[in-house]
Amino acid sequence: MSHPSNIVHCTGPADPHALDGISQRHRSGDLDKLCPVCAGYGQWNTQIDLVSHRSIRHACPKCDGRGWIETGDDMVPSPDIVRDPGAPPRWTVRLDASDDRE
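Since we're looking at a predicted model, the values are computed, not measured.

Calculation rules
- Residues numbered from 1 in each chain as written.
- Predicted model: local features only at pLDDT ≥ 70, side-chain atom pairs only at ≥ 80, totals over all residues.
- Heavy atoms only, no water.
- Helix = DSSP H or I, 4+ residues; strand = E, 2+ residues; numbered from the N terminus.
- Buried < 20%, exposed > 50% of the residue type's maximum accessible area, 1.4 Å probe, protein only.
- Polar contact = N/O pair within 3.5 Å; in protein donor to acceptor, adjacent residues only side chain to side chain.
- Contact = heavy atoms within 4.5 Å.
- Salt bridge = Lys/Arg side-chain N within 4 Å of Asp/Glu carboxyl O.

(A) Quick peek at the side chain of S78. Note on placement: S78 falls in strand β6 (residues 75-82). Its relative accessible area of 6% is what places S78 among the buried residues. Within the structure, the side chain of S78 is placed 3.2 Å from the side chain of R66, a separation counted as a polar contact. When neighbours within four sequence positions are excluded, S78 is seen to be in contact with D64, R66, T92, V93, R94 and D96.

Shown next, in the form of structure tokens:
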């Protein structure tokens, strides 16, 4: 038996219903500022059913889903996978320079 649905497609964070059900991310660090793309949410709905509130979300490519960006000289941590020869892949944290230095 099917249930009623009202599916809305969103193309970006500025679309109506793109941020429904998503809370703004907490700030971390002294030099951070809100991401100019997602306004601190880190993700947005690309598809949402307004009846059941089920959604498909897209992580912000500017802030990697953090909602905030580093503006100083501090390194930015990003999850990564290391593949060594003869060993199974393992998770690690990669540190990169910010691309938003002021």
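Now that the structure has been shown, we can carry on.
(B) Region of interest: the pattern of salt bridges. In the structure shown here, the tally under the stated rule is four salt bridges. Salt-bridge contacts for R94 lead to D80; the nearest nitrogen and oxygen are separated by 3.1 Å. Taken together, the residues span a long stretch of sequence, with R94 in strand β7 (residues 90-97) and D80 in strand β6 at a distance of 14 residues. Since its relative accessible area comes to 35%, R94 is described here as partly exposed. When its relative accessible area of 26% is taken as the criterion, D80 is described as partly exposed.

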